[in-house]
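Per-entry structural report
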Amino acid sequence: LEGKGKVIGELKKVARSAKSIWFATDPDREGEAIAWHLAEELGIKPQTAKRVEFNAITKAEVHKAFEHPRPIDMDRVNAQQARRVRVPRRMGRVA
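This text gives an overview of the structure that appears in the document. Residue positions are given per chain, counting from 1 as you read along its sequence in written order. Where local features are concerned, this predicted model is filtered to residues with pLDDT of at least 70; where side-chain atom pairs are given and counted, the filter is 80 or more; whole-chain, interface and lining totals use all residues. The side-chain numbers reported here are obtained from all heavy atoms of the structure, hydrogens and water having been left aside.

1. Quick look at the side chain of Thr25
Condition: Helix and strand assignments come from DSSP, with helices taken as H or I runs of at least 4 residues and strands as E runs of at least 2, each series counted from the N terminus. Distance and chemistry together define a polar contact, namely a pair of N or O atoms within 3.5 Å, with one atom able to donate a hydrogen and the other to accept it when in protein, and with adjacent residues in sequence counting only for side-chain atoms on both sides. Only heavy atoms matter for contacts: two residues are in contact if any of them lie within 4.5 Å across the pair.
The residue Thr25 is located in the loop between strand 1 (22-23) and helix 2 (29-42) in this model. Polar contacts involving the side chain of Thr25 include one to the main-chain carbonyl oxygen of Gly31, which spans 2.5 Å. What Thr25 contacts, discounting residues up to four positions off in sequence, is Gly31, Glu32, Ile34, Ala35, Arg51 and Val52.

2. Structural notes on the nonpolar core
We count it as follows: Within this scheme, the nonpolar core is defined by two criteria: the residues are buried Ala, Val, Leu, Ile, Met, Phe, Trp, Tyr or Cys, and they are joined through side-chain atoms within 4.5 Å. Only protein chains enter the accessibility calculation, which uses a 1.4 Å probe; a residue is then buried when its area is under 20% of its type maximum, exposed when over 50%, and partly exposed in between.
Membership of the largest hydrophobic core is limited to eight residues, which are Phe23, Ala35, Trp36, Ala39, Ile44, Ala49, Ile72 and Val77. Residue contributions to this core peak at three residues, all from helix 2. Among residues more than four places away in sequence, those in contact with Phe23 are Ala35, Leu38, Ala39, Ile44, Ala49, Lys50, Arg51 and Val52.

3. Here we look at the pattern of salt bridges
Put simply, the rule is: When a carboxyl oxygen of Asp or Glu lies within 4 Å of a side-chain nitrogen of Lys or Arg, that pair is called a salt bridge.
Within this structure, the stated rule accounts for seven salt bridges. Glu32 serves as the salt-bridge partner of Arg51, at 3.1 Å between the closest nitrogen and oxygen. You can see Arg51 sitting in strand 2 (residues 50-51) and its partner Glu32 sitting in helix 2, a full 19 residues away along the chain. Here Arg51 matches Glu32 in class, with each residue buried. Two residues, Arg70 and Glu53, come together in a salt bridge whose shortest N-O distance is 2.6 Å. On the criterion of sequence distance, the pair formed by Arg70 in the loop between helix 3 (59-67) and helix 4 (74-90) and Glu53 in the loop between strand 2 and helix 3 is long-range, its members being 17 residues apart. Residue class for Glu53 comes out partly exposed when judged on its relative accessible area of 31%.

That is the geometry; function is a separate question.
Shown next, in the form of C-alpha coordinates:
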(Lines give C-alpha, C1' and ligand atoms only; values in the text may rest on other atoms or scores of the structure.)
Protein backbone atom coordinates (compact mmCIF):
# COMPACT_ATOMS: atom_id res chain seq x y z
CA LEU A 1 0.00 0.00 0.00
CA GLU A 2 2.83 2.26 -0.97
CA GLY A 3 1.98 5.96 -0.92
CA LYS A 4 -1.17 5.43 1.13
CA GLY A 5 0.32 6.06 4.58
CA LYS A 6 -1.96 8.98 5.40
CA VAL A 7 -5.11 7.11 4.38
CA ILE A 8 -4.05 3.96 6.27
CA GLY A 9 -3.28 6.07 9.33
CA GLU A 10 -6.76 7.61 9.22
CA LEU A 11 -8.38 4.18 8.77
CA LYS A 12 -6.44 2.77 11.73
CA LYS A 13 -7.53 5.69 13.89
CA VAL A 14 -11.21 5.20 13.01
CA ALA A 15 -10.91 1.40 13.31
CA ARG A 16 -9.72 1.61 16.92
CA SER A 17 -13.06 3.05 18.02
CA ALA A 18 -15.29 1.06 15.66
CA LYS A 19 -17.54 -1.72 16.98
CA SER A 20 -16.97 -3.69 13.79
CA ILE A 21 -15.40 -3.29 10.37
CA TRP A 22 -16.99 -4.55 7.18
CA PHE A 23 -15.17 -5.01 3.89
CA ALA A 24 -17.29 -4.32 0.78
CA THR A 25 -14.75 -4.17 -2.03
CA ASP A 26 -15.42 -5.34 -5.59
CA PRO A 27 -16.79 -8.91 -5.90
CA ASP A 28 -13.77 -10.29 -7.77
CA ARG A 29 -10.37 -11.65 -6.76
CA GLU A 30 -8.81 -8.18 -6.90
CA GLY A 31 -11.49 -6.90 -4.52
CA GLU A 32 -10.84 -9.86 -2.25
CA ALA A 33 -7.12 -9.02 -2.21
CA ILE A 34 -7.86 -5.36 -1.42
CA ALA A 35 -10.02 -6.45 1.52
CA TRP A 36 -7.22 -8.75 2.69
CA HIS A 37 -4.57 -6.02 2.44
CA LEU A 38 -6.78 -3.63 4.41
CA ALA A 39 -7.53 -6.28 7.03
CA GLU A 40 -3.80 -6.94 7.41
CA GLU A 41 -3.08 -3.23 7.87
CA LEU A 42 -5.87 -2.93 10.44
CA GLY A 43 -4.81 -6.06 12.33
CA ILE A 44 -7.94 -8.06 11.47
CA LYS A 45 -7.56 -11.77 10.80
CA PRO A 46 -9.04 -12.85 7.43
CA GLN A 47 -11.06 -15.64 9.06
CA THR A 48 -12.77 -13.17 11.42
CA ALA A 49 -13.24 -10.37 8.89
CA LYS A 50 -16.75 -9.41 7.82
CA ARG A 51 -16.67 -9.47 4.02
CA VAL A 52 -19.79 -8.59 2.07
CA GLU A 53 -20.35 -8.84 -1.64
CA PHE A 54 -23.07 -7.49 -3.90
CA ASN A 55 -23.42 -7.07 -7.64
CA ALA A 56 -25.99 -4.28 -7.68
CA ILE A 57 -26.21 -1.17 -5.56
CA THR A 58 -29.84 -1.43 -4.60
CA LYS A 59 -31.32 -1.29 -1.13
CA ALA A 60 -32.39 -4.94 -1.32
CA GLU A 61 -29.02 -6.25 -2.57
CA VAL A 62 -27.00 -4.29 -0.02
CA HIS A 63 -29.25 -5.42 2.84
CA LYS A 64 -29.02 -9.02 1.63
CA ALA A 65 -25.21 -8.83 1.52
CA PHE A 66 -24.95 -7.42 5.04
CA GLU A 67 -27.23 -10.16 6.34
CA HIS A 68 -24.75 -12.78 5.09
CA PRO A 69 -21.17 -11.66 5.76
CA ARG A 70 -18.36 -14.13 5.26
CA PRO A 71 -14.64 -14.25 6.04
CA ILE A 72 -12.09 -13.15 3.47
CA ASP A 73 -11.58 -15.97 0.98
CA MET A 74 -7.84 -16.68 1.03
CA ASP A 75 -8.13 -18.94 -2.05
CA ARG A 76 -9.29 -15.91 -4.05
CA VAL A 77 -6.57 -13.72 -2.51
CA ASN A 78 -3.92 -16.30 -3.41
CA ALA A 79 -5.31 -16.58 -6.95
CA GLN A 80 -4.99 -12.83 -7.37
CA GLN A 81 -1.46 -12.83 -5.97
CA ALA A 82 -0.42 -15.66 -8.32
CA ARG A 83 -1.95 -13.86 -11.29
CA ARG A 84 -0.15 -10.67 -10.32
CA VAL A 85 3.20 -12.47 -10.42
CA ARG A 86 2.45 -14.48 -13.57
CA VAL A 87 1.21 -11.65 -15.81
CA PRO A 88 4.35 -9.44 -15.73
CA ARG A 89 6.58 -12.44 -16.47
CA ARG A 90 4.45 -13.39 -19.46
CA MET A 91 4.69 -9.85 -20.69
CA GLY A 92 8.50 -10.03 -20.60
CA ARG A 93 9.17 -7.88 -17.55
CA VAL A 94 9.56 -8.47 -13.86
CA ALA A 95 7.50 -6.42 -11.41
